[in-house]
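# Working through the structure, step by step
The primary structure of each chain is shown beneath.
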Amino acid sequence: MELILVRHGTTQGNKEKRFIGTLDVPLAPEGEELARRVGLHLPRVEHLYRSPLQRCRQTAELLWPGVEQTVVPGLRETDFGPFEGKNHEELKDDPLYQQWISTPNFAAVPVGEGPEATARRVEEAIRAVIADAGSHGYETVGVVSHGGTLMGLLSRFGRPERPYYDWFCPNCGGYRVRVREDPLLLEVLEQVGGETA
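For clarity, every value in this text was computed on a predicted model and none was experimentally measured.

Definitions and limits used
- Residues numbered from 1 in each chain as written.
- Predicted model: local features only at pLDDT ≥ 70, side-chain atom pairs only at ≥ 80, totals over all residues.
- Heavy atoms only, no water.
- Phe/Tyr/Trp six-rings, centres within 6.5 Å; stacked < 30°, edge-to-face > 60°.
- Helix = DSSP H or I, 4+ residues; strand = E, 2+ residues; numbered from the N terminus.
- Buried < 20%, exposed > 50% of the residue type's maximum accessible area, 1.4 Å probe, protein only.
- Lys NZ or Arg CZ within 6 Å of the ring centre and 35° of its normal.

Time to look at the packing of aromatic side chains. In total, this model carries 9 aromatic pairs according to the counting rule given. Centre to centre, the rings of F19 and F83 are 6.0 Å apart; their planes meet at 40 degrees, and the pair counts as tilted. Here F83 lies in the loop between β3 (69-71) and α4 (88-91) and F19 lies in the loop between α1 (12-15) and α2 (29-39), a separation of 64 residues in the sequence. Classification of F83 as buried rests on a relative accessible area of 1%. Centroid distance Y164 to Y165: 4.8 Å. Interplanar angle 85 degrees. Geometry classified as edge-to-face. Within the aromatic cluster, the residues linked to one another by ring pairs are F19, F80, F83, Y97 and W100. Here the basic side chain of R162 rests over the ring of W167, its NZ or CZ set 4.2 Å away from the ring centre.

Now the structure itself:
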């Protein structure tokens, strides 16, 4: 089975470099246009699995119009707690924020949902996606999620192995992966989408 893992399109919060983990914001007009453009170049899929947040719903509908979708709550983005909706400029004097950005493990946000909780949630979600797709006999499915979610997933299961930030996906970008089970591995076949599409 192959998964086409894609990050949602551009939001106003992305443009302003805000932490918009659990905030349910829509795509910006340029995010909608990007998704339409990228969708012309993505592999066809038999089914879509997506985060419950509207930016992922909108992206999924624009990338693969008319393809049936299943909402997977565990594919949502990390909860950034009191950092939600704010950017560096607004947080730069916050001692907790300063402590976080000064640590070597920038991915380990000290508020909201911790990295281990996020990793467990996303692992359960992707295993549920694989099981459901397998039960229907799907060979290629799309997964529309979030940057942090995909980086966390691929830093644990992606092959070849890479550090967390080396899995960064631009808006409407991601990876085509082949699923290997027992143990779970996601073998990267190619990068897909992104701003250059």
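That was the structure; now back to the text.
What you tend to see is this: most non-glycine residues have negative phi, and most peptide bonds are trans. Across the junction of R159 and P160, the peptide omega takes the value 10 degrees, indicating a cis bond. Here P160 is to be found in the loop between β5 (158-159) and β6 (173-180). A cis amide bond, omega -5 degrees, links D182 with the succeeding residue P183. When you line up the elements, P183 lands in the loop between β6 and β7 (185-193). Positive phi, close to 55 degrees, is recorded for K17, a residue that is not glycine. The phi dihedral of C172 is positive, around 60 degrees, even though this residue is not glycine.

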